[in-house]
Amino acid sequence: EQSFGYDSGELDPSHWANEYKTCSGKYQSPIDIEENLVTKVNLPLLRFHNIDTLPTSTTITNNGHTVVLQLNYTAPVMISGGPLTPTYRFTQLHFHWGVNDSLGSEDLINNHSYPMELHMVFSNTDYDDEKIALTKNDGLVVLAMFFEITQEDNPVYSEIVNTLGQINMPDQTSNLSNGFTIRSMLPESTEHYFTYKGSLTTPPCLEVVTWIDFKHPIQLSHNQVQAFRMLRSKHGQLTHNSRPVQELSGRPVWYNVG
Ligand code: 1SD
Ligand code: ZN
């Protein structure tokens, strides 16, 4: 069981490297993406596979650090194209948020923080499983989506938000009876995105991730984001779970103009 946290003290992000050396590596995530410093590119189309089918079952878990959703399919959800050479298989999605609506995303855009960020984690199909992929520098892709606050609830998130009360304590799990398609969670346009090479944003901070951050945010109401802040970690309320930004160390960041 991983021991790390976000509240100030011995387990906070500034101490992660004591137990997990890679967390002080050179190519860490998240980062601040400055739009005037990115390299504009026109990459091949990013391709999504099997994203229109509902999962056969969906489990939702409070793992003490975030809310993780595992979706089970008869045909696996995959992505390819864009900056990617191999095909990557979807494994899980989870969220990062802040103590209030003025911060919470992990990557920043022009030093701007969004109130929440969704991560869809994908694993390289060239490797037998995610455990092996985690040891390769092209092992994982994370699709990142930013949220902005609107007046209206986003109905796609209603079932998730309504289930959070059942997984208030760490290690609690529940099932969604309806679930959702991956397509319904993507932003309107997926052709505009930033991409760079970085790390897991949680220990062990392995530098194995190709990040793809969609430019266009998704909408969520204040009350919907607020529900996430009510969850509990092993050490108290999970009011926030975003790692501070890390040094770019000369890495290129690309922007796909589409
Ligand atoms: O925080 C997640 C972690 O829970 C796990 O999903 C890991 C992949 O094995 O990825 C990180 S993150 O970098 O997607 N935040
Ligand atoms: Zn994440």
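Everything below is about the structure printed above this text.
Residues numbered from 1 in each chain as written. Chains lettered and ligands numbered in written order. Predicted model: local features only at pLDDT ≥ 70, side-chain atom pairs only at ≥ 80, totals over all residues. Heavy atoms only, no water.

**Describing the overall build of the protein**
No. 1: Scanning the protein from N- to C-terminus turns up four helices and 17 strands.
No. 2: C-alpha extents for the protein along the principal axes are approximately 45 × 45 × 40 Å.
No. 3: A sequence separation of at least 24 residues applies to 72% of the contacts in the protein between residues at least 6 apart.
No. 4: Carbon and sulfur atoms form 48% of the exposed surface of the protein, whose accessible area is close to 11,800 Å².
No. 5: Computing the positive centroid from 15 side-chain charges and the negative centroid from 28, the protein places the two 6 Å apart. (Helix = DSSP H or I, 4+ residues; strand = E, 2+ residues; numbered from the N terminus. Contact = heavy atoms within 4.5 Å. Areas by Shrake-Rupley, 256 points an atom, 1.4 Å probe, with all protein chains shown as cover. Lys, Arg positive; Asp, Glu negative; His and termini not counted. Charge placed at Lys NZ, Arg CZ, Asp CG, Glu CD.)

**Describing the site of ligand 1**
No. 1: Close to ligand 1 lie Gln-92, His-94, His-96, His-119, Val-121, Glu-130, Leu-140, Leu-200, Thr-201, Thr-202 and Trp-211.
No. 2: Measuring from a nitrogen atom of ligand 1, one finds a side-chain N or O atom of His-119 at 3.4 Å.
No. 3: Between an oxygen atom of ligand 1 and a side-chain N or O atom of Thr-202, the distance comes to 2.9 Å.
No. 4: Taken by itself ligand 1 offers 360 Å² of open surface, and the protein chains cover 86% of this.
No. 5: At three residues, strand E7 (residues 88-97) tops the list of elements feeding residues into the shell around ligand 1.
No. 6: Residue composition of the shell around ligand 1, by class: four nonpolar, six polar and one charged. (Near = heavy atom within 4 Å. Polar contact = N/O pair within 3.5 Å; in protein donor to acceptor, adjacent residues only side chain to side chain. Nonpolar A, V, L, I, M, F, W, Y, C, P; charged D, E, K, R; others polar.)

**Concerning the coordination of the zinc ion (ligand 2)**
No. 1: Surrounding the zinc ion (ligand 2) are the protein donor atoms His-94 (NE2), His-96 (NE2) and His-119 (ND1), which sit 2.0 Å from the metal.
No. 2: Positions of the donor residues of the zinc ion (ligand 2) along the chain correspond to the pattern H-x1-H-x22-H. Residue His-94 is located in strand E7, and its partner His-119 is located in strand E9 (residues 116-124); the two are separated by 25 residues in the primary sequence.
No. 3: Judged by its relative accessible area of 1%, His-119 falls in the buried class. (Donors = N, O, S within 2.8 Å, 3.2 Å for Na, K, Ca; no water. Buried < 20%, exposed > 50% of the residue type's maximum accessible area, 1.4 Å probe, protein only.)

**A closer look at the state of the cysteines**
No. 1: In this structure the tally under the stated criterion is one disulfide.
No. 2: Bridging Cys-23 to Cys-205, the disulfide has an S-S length of 2.1 Å. In this structure, the disulfide formed by Cys-23 and Cys-205 twists by about 85° around the S-S bond and is classed as right-handed. With Cys-23 in the loop between helix H1 (16-19) and strand E1 (32-33) and Cys-205 in the loop between strand E12 (193-198) and strand E13 (209-214), this pair connects stretches of sequence that are 182 residues apart. (Disulfide = S-S within 2.5 Å.)

**Considering the side chain of Asp-213**
No. 1: Within the secondary structure, Asp-213 sits in strand E13.
No. 2: For Asp-213, the residues in contact, after removing those within four places along its chain, are Ile-33, Asp-107, Ala-144, Phe-146, His-192, Tyr-193 and Phe-194.

**Some thoughts on the environment of Gln-28**
No. 1: Mapped onto the secondary structure, Gln-28 falls in the loop between H1 and E1.
No. 2: Gln-28 sits in the buried class, given a relative accessible area of 0%.
No. 3: Linking Gln-28 and Ser-249, residues 221 residues apart in sequence, is a C-alpha distance of 9.1 Å.
No. 4: The residues contacting Gln-28, other than those within four sequence positions of it, are Thr-22, Cys-23, Ser-199, Cys-205, Glu-207, Arg-243, Gln-246 and Arg-251.
No. 5: Among the polar contacts listed, one links the side chain of Gln-28 to the side chain of Arg-243, at a separation of 2.8 Å.

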